[in-house]
Amino acid sequence: MSPYDIFIIHMSWGTSGKARPVLAFMVNNKTVNIYRITSQYENKSAAIKSQYFAINDWALAGLKKASYIDTGILIELPATAFKGKPPIGRLSDSDKRRLFKFLS
């Protein structure tokens, strides 16, 4: 697993949850910091949209439709949550550079 890999993992909240794409952002032996990826953008508030980073090369990243990285919350998960789950893709070099600038 490397930074900028994209995975599908089960995310839970309360008593429900769903499988969703996530971006591995910071990786070490024990934990992985991730950002959630969403395709929902149009009906969000301006404040939320300002935290969403558009993935230009979403198809190359293994995603099925235009998607956004929700940079509002960096989530820490145990590395074991990814055990046996290969990445579906990774951010292109162009999107990596753009994300770095977006976060700066």
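To be clear, the structure that these remarks concern was listed above.
Residues numbered from 1 in each chain as written. Predicted model: local features only at pLDDT ≥ 70, side-chain atom pairs only at ≥ 80, totals over all residues. Heavy atoms only, no water.

A.B. asks: How do you make sense of the pairing of strand β3 (residues 31–38) when you look at a structure like this?
C.D. replies: Looking along a regular strand, one sees the side chains alternate between the two faces of the sheet. When you tally the buried positions in β3, you get seven out of eight residues, the bulk of the element. Here strand β2 (residues 16–27) pairs with β3 via five bridges, running antiparallel. Bridge pairing links Leu 23 to Tyr 35 in β3. Between β2 and β3, which follow one another and run antiparallel, lie three residues. Summarising the sheet, β3 and strand β5 (residues 67–78) pair through seven bridges and their orientation is antiparallel. Bridge assignment links Thr 38 to a residue of β5, and that residue is Tyr 68. (Buried < 20%, exposed > 50% of the residue type's maximum accessible area, 1.4 Å probe, protein only. Helix = DSSP H or I, 4+ residues; strand = E, 2+ residues; numbered from the N terminus. Pairing = 2+ DSSP bridges.)

A.B. asks: Any chance you could explain helix α2 (residues 93–103) here in plain terms?
C.D. replies: Along α2, the positions that sit buried rather than exposed are Asp 95, Lys 96 and Leu 99. Across the axial projection of α2, the buried residues extend over an arc of 105°, all falling on one side. In α2, those exposed residues whose orientation departs by more than 90 degrees from the buried face are Arg 97, Phe 100 and Lys 101. In this structure, the buried side of α2 is in contact with β2, β4 (52–55), β5 and β6 (89–90). (Arc of directions from axis to C-beta. Contact = heavy atoms within 4.5 Å.)

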